[in-house]
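Reading the structure
Residue-level listing of the chains:
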Amino acid sequence: MFRKIAVLTQAELLFITRCPTGRKLWADTLFRGSLFVPSQTACAGRFMRTLLLTAGRGTYALALARRFHAEGFRVLVADAWPHTLCRYSSAVSRYFHVPSPARRTSAWLNAIWQIAERHSVELIIPIYEEVFYLAQAKAARKDGPALFAPSFETLIALHDKWLFIEKSQQLGLSAPQTARIASRDELVRVFAQRDANRTVYKPVYSRFAAQTVVRPQGIEALDGVEPTARRPWIAQEYLPGRPYATFTIAHRGRIAAHATYATDFCHNFGPTVVYRRVEQPAVLEWVRTFIEAVKYTGQVGFDFIEDASGRIAAIECNPRLTGGMYLLKDDPRFAKAYFDPQTGPIEAVRGRSYTFRFWLFWTLFRHTASFPGVSEWCRHFFGARSTNEFLWSDPLPRLMGPVLTAGVAAAAFKNGIGAREMVTRDFEWSEDLTAVNADVLARWAAEQAA
């Protein structure tokens with residue numbers, strides 16, 4: 001188990017960066033952990049409300065940890081990587097290196113439950129797709145710590161891109177025509193029936209536009225696609241227009257916080273690299289109608305397209321934390337929105353944007369048709385805040401960012417996969433694992449009960 005370093009003063013940071021002895025001590029911190037001591041929050045932990053974040057490798061988790069810490073919470077973080085941004089943050093009271101939820105589910109659940117019980121965790125807040133494993137575990141074992149998420153059945157119905165479209169249309173909400181594909185033969189038949197210029201193909205269970213094939217002009221573009229019942233795909237109507245996304249915190253169908261943001265700075269239909277508020281009342285009304293209908297509790301994001309006539313349609317759902325939280329986190333009520341159903345609704349901050357500046361640079365050379373232009377690019381490249389902000393009170397996450405990024409790139413190269421897959425593979429839910437995990441979790445629940 002790891003303890004976090006205390007908050008550094010400006011003088012301490014200068015000592016680390018300019019003095020040879022300071023640099024040596026910092027190296028000890030990175031490679032042997034000899035400087036790790038109980039943080040101020042850890043020392044005061046028994047007087048503070050405690051929560052657990054179940055991933056710490058990205059700026060989402062770092063931003064959440066900092067916000068909760070600023071509001072007086074004791075923040076614990078668990079991740080399958082030994083070194084992440086959150087491990088080096090003074091906002092984190094304790095950091096735990098745990099097994100992978102996707103590859104060692106039972107061992108991971110044991111670790112999470114033990115952390116929650118030993119440290120009196122009041123609430124578990126999932127960060128990525130580990131929420132599916134946690135929700136399924138909560139269904140198998142009713143006791144244990146509170147989880148800020150809906151039921152497993154609700155999560156799967158939204159993560160499944162085909163079921164989500166079906167539910168949206170049942171509610172009378174706008175969504176593109178979508179067909180489910182569970183075999184190669186079905187794929188060939190659907191391709192022959194549809195207009196190639198108006199169709200997008202993607203896995204039912206996926207994230208960040210992974211493996212998405214947009215308007216393939218020949219079946220050979222889908223040669224590597226082999227849908228199965230456990231790993232189905234969809235063929236979805238291609239909707240040209242401006243893309244938007246949302247992030248919402250809700251309690252039993254009531255919105256406590258919401259942000260709508262443009263997603264036009266991106267690489268090949270992947271995640272946006274600039275977060276900025278936009279006014280889209282039709283999107284907010286769509287989200288409110290859906291969340292009220294399913295009585296949603298937890299974090300959720302939706303992706304939308306607005307066509308030339310102004311009509312909006314939802315194309316998929318991400319029932320987890322998304323980058324829209326950057327636009328909400330600076331509101332002093334943001335932490336409260338996770339605990340108090342009557343909070344807000346909090347709105348996204350106006351006149352401020354956040355960016356991954358390194359990735360924004362590359363959108364100059366590789367972007368989609370919705371790219372808003374060089375002048376807008378310059379405005380955000382030079383004026384937006386970083387998603388990994390440098391704080392004098394918490395400097396190490398920013399300083400360690402390049403080191404950790406290089407480590408991810410090296411690990412991805414070694415494993416023969418992309419950097420994005422390297423980041424997400426520990427917690428992905430990329431196939432129908434419901435029946436498989438039900439057996440695993442039944443045994444796990446029995447062991448816990450014994």
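No experiment lies behind these values; they were computed from the predicted model shown. (Residues numbered from 1 in each chain as written. Predicted model: local features only at pLDDT ≥ 70, side-chain atom pairs only at ≥ 80, totals over all residues. Heavy atoms only, no water.)

**As for the overall build of the protein chain**
For the protein chain, the helix and strand inventory stands at 15 helices and 18 strands. Across the 450 residues that make up the protein chain, the buried fraction comes to 55%. In the protein chain, of all internal contacts separated by at least 6 residues, the share reaching a separation of at least 24 is 69%. Summed over all atoms, the accessible surface of the protein chain reaches about 19,400 Å², with 55% contributed by carbon and sulfur. (Helix = DSSP H or I, 4+ residues; strand = E, 2+ residues; numbered from the N terminus. Buried < 20%, exposed > 50% of the residue type's maximum accessible area, 1.4 Å probe, protein only. Contact = heavy atoms within 4.5 Å. Areas by Shrake-Rupley, 256 points an atom, 1.4 Å probe, with all protein chains shown as cover.)

**Re the pattern of salt bridges**
For the structure shown, the criterion picks out 26 salt bridges. Residues arginine 49 and glutamate 122 are paired through a salt bridge, measuring 2.6 Å at the closest nitrogen-oxygen approach. Residue arginine 49 is located in the loop between α3 (40–43) and β2 (50–53), and its partner glutamate 122 is located in the loop between α5 (105–118) and β5 (123–125); the two are separated by 73 residues in the primary sequence. For glutamate 122, a relative accessible area of 34% puts it in the partly exposed group. Through salt bridges with shared partners, one network takes in Arg242, Asp264, Arg276, Glu376 and Arg379. (Salt bridge = Lys/Arg side-chain N within 4 Å of Asp/Glu carboxyl O.)

**Description of the environment of valine 349**
On the secondary structure map, valine 349 appears in the loop between β16 (346–347) and β17 (353–355). Beyond its immediate stretch of four places on either side in the chain, valine 349 contacts Arg277 and Leu327.

**Quick word on helix α10 (residues 281–294)**
Here α10 contains 14 residues, and its C-alpha end-to-end distance of 20 Å stays within 8% of the 20 Å for a straight helix at 1.5 Å per residue. For α10, the set of buried residues is Val283, Trp286, Val287, Phe290 and Ile291. Along α10, the residues classed as buried sweep out an arc of 120 degrees about the axis, all on the same side. The inward-facing, buried residues of α10 abut α7 (152–159), α8 (161–170), β11 (242–251), β12 (254–262), β14 (298–306) and β15 (312–318). (Expected span 1.5 Å × (residues − 1). Arc of directions from axis to C-beta.)

**Describing the packing of α5 against helix α6 (residues 130–140)**
Contact geometry of α5 with α6 gives a least axis separation of 11 Å together with a crossing angle of 75 degrees. The orientation of α5 relative to α6 falls into the category roughly perpendicular. Contacts between α5 and α6 involve Thr105, Trp108, Leu109, Ile112 and Trp113 from the first element and Glu130, Tyr133, Leu134, Ala137 and Lys138 from the second. Counted by class, the contact of α5 with α6 contains seven nonpolar, one polar and two charged residues. (Axes fitted to C-alpha atoms, helices over the stretch in contact; angles between N-to-C directions. Parallel < 35°, antiparallel > 145°, perpendicular 65-115°, else oblique. Nonpolar A, V, L, I, M, F, W, Y, C, P; charged D, E, K, R; others polar.)

**A closer look at the confidence of the model for the protein chain**
For the protein chain, the mean per-residue pLDDT works out to 85, and 85% of the residues sit at or above 70. Of the regions scoring below 50 in pLDDT, residues 1–9 engages in 43 contacts with residues more than four places distant in sequence or in other chains. Confidence drops under pLDDT 50 across residues 28–46; counting only partners more than four residues distant or on other chains, this segment forms 41 contacts. (pLDDT = per-residue confidence, 0-100.)

**Side note on the sheet that holds β12**
Pairing within the open sheet is mixed, and its five strands lie in the order β15-β14-β11-β12-β16. Unpaired on one side and paired on the other, β15 and β16 mark the two borders of the sheet. Relative to β16, β12 is paired through two bridges, and the arrangement is parallel. Directly across from alanine 257, in β16, lies its bridge partner isoleucine 346. (Pairing = 2+ DSSP bridges.)

**Structural notes on the packing of aromatic side chains**
Within this structure, the stated rule accounts for 34 aromatic pairs. Taken together, the ring pairs in this structure connect Tyr60, Tyr128, Tyr261, Tyr275, Tyr326, Tyr354, Phe356 and Phe427 into an aromatic cluster. Across from the ring centre of tryptophan 81, 3.9 Å away, lies the NZ or CZ of arginine 57, which sits over that ring. Its guanidinium or amino end placed over the ring of phenylalanine 381, arginine 357 lies 5.9 Å from that ring's centre, counting from NZ or CZ. (Phe/Tyr/Trp six-rings, centres within 6.5 Å; stacked < 30°, edge-to-face > 60°. Lys NZ or Arg CZ within 6 Å of the ring centre and 35° of its normal.)

**Some remarks on helix α12 (residues 374–383)**
Among all positions in α12, only Glu376, Trp377, His380 and Phe381 are buried. Buried residues of α12, viewed axially, fall in a sector of 130 degrees; they line one side. Facing away from the buried side of α12 by over 90 degrees, the exposed positions are Ser375, Arg379, Phe382 and Gly383.

**Remarks on the side chain of serine 206**
Along the chain, the position of serine 206 falls in the loop between β8 (199–203) and β9 (213–214). A distance of 3.2 Å separates a polar atom in the side chain of serine 206 from the backbone oxygen of proline 203. (Polar contact = N/O pair within 3.5 Å; in protein donor to acceptor, adjacent residues only side chain to side chain.)

**Topic: the sheet that holds β17**
The pairing of strands in a sheet happens through backbone hydrogen bonds and is either parallel or antiparallel. With mixed pairing, three strands are arranged side by side in an open sheet as β13-β17-β18. Only two strands of the sheet have a single partner each, and these edge strands are β13 (274–276) and β18 (385–386). Examined bridge by bridge, β17 and β18 share two bridges and lie parallel to one another. Among the inter-strand pairings, tyrosine 354 is bridged to a residue of β18, identified as arginine 385.

**Observations regarding unusual backbone geometry**
It is generally the case that most residues other than glycine have a negative phi and that most peptide bonds are trans. A cis amide bond links glycine 344 to the next residue, proline 345, at an omega of 10 degrees. Tracing the backbone through its elements, the reader meets proline 345 in the loop between β15 and β16. For serine 120, which is not glycine, the phi torsion reads 55 degrees and is therefore positive. Within the secondary structure layout, serine 120 lies in the loop between α5 and β5. At lysine 295, a residue that is not glycine, the phi angle is positive and equals roughly 55 degrees. Along the chain, lysine 295 falls in the loop between α10 and β14.

**Some points on the packing of α6 against α7**
Remark: α6 packs on α7, axes separated minimally by 9 Å, with the N-to-C direction vectors making an angle of 150 degrees. What the angle tells us is that α6 and α7 run roughly antiparallel. Residues Val131, Phe132, Ala135 and Gln136 of α6 pack against Phe152, Leu155, Ile156 and His159 of α7. Tallied by class, residues from the contact of α6 with α7 come to six nonpolar, two polar and no charged.

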